[in-house]
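Listed below are the residues making up each chain.
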Amino acid sequence: MSKEDKELLNKVIDLCMVYGIKESQLYLKFLDNQVKTYQNHRNFLEDTKPFFFQKKKLEEHNKKIEICEQKILETYKKMNEEVDFIIEM
């Protein structure tokens, strides 16, 4: 392999890494927006909490809040994996 070929190869690799990092940054922004959506939904649920004597509605309400919190946790895990991927690059 000639010196020019090696330089060209290095430039192509650098370009791929730059676009990979940019793609990861966009994915992280998307995940951040997902977290904000789940948090807003959870806040809405907390604001519209049924009265304590509405047991069935309260149980369903608490399950919905738990689902939102679980989705937030899962999304944070995805964000952590993506950051680890960027660090590896």
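Details of the structure are given in the entry above.
Bear in mind that the values here come from a model prediction, so they are computed numbers and not experimental data. (Residues numbered from 1 in each chain as written. Predicted model: local features only at pLDDT ≥ 70, side-chain atom pairs only at ≥ 80, totals over all residues. Heavy atoms only, no water.)

K.L.:
How do you make sense of helix H1 (residues 3–47) when you look at a structure like this?
P.N.:
Helical geometry note: an α-helix holds 3.6 residues per turn, so side chains three or four residues apart project in the same direction. Taking 1.5 Å per residue as the helical rise, H1 with its 45 residues ought to reach 66 Å, and the 66 Å between its terminal C-alpha atoms agrees with that figure. In the core, the buried residues of H1 are packed alongside helix H2 (55–88). (Helix = DSSP H or I, 4+ residues; strand = E, 2+ residues; numbered from the N terminus. Expected span 1.5 Å × (residues − 1). Contact = heavy atoms within 4.5 Å.)

K.L.:
Please clarify how the packing of aromatic side chains should be interpreted in this entry.
P.N.:
Here the distance between the centres and the angle between the planes together describe a pair of aromatic rings. Scanning all chains against the criterion turns up three aromatic pairs. On the numbers, 6.4 Å between centres and 20° between planes, the contact of Tyr27 with Phe30 is stacked. Highlighted residues: Tyr27 and Phe30, both in helix H1, separated by three residues, approximately one helical turn. Residue Tyr27 is classed as partly exposed on the basis of its relative accessible area of 33%. Between Phe52 and Phe53 the ring centres are 5.7 Å apart and the planes differ by 80°, which places this aromatic pair in the edge-to-face class. Here a set of aromatic residues connected by ring pairs shows up, and it is made of Phe51, Phe52 and Phe53. (Phe/Tyr/Trp six-rings, centres within 6.5 Å; stacked < 30°, edge-to-face > 60°. Buried < 20%, exposed > 50% of the residue type's maximum accessible area, 1.4 Å probe, protein only.)

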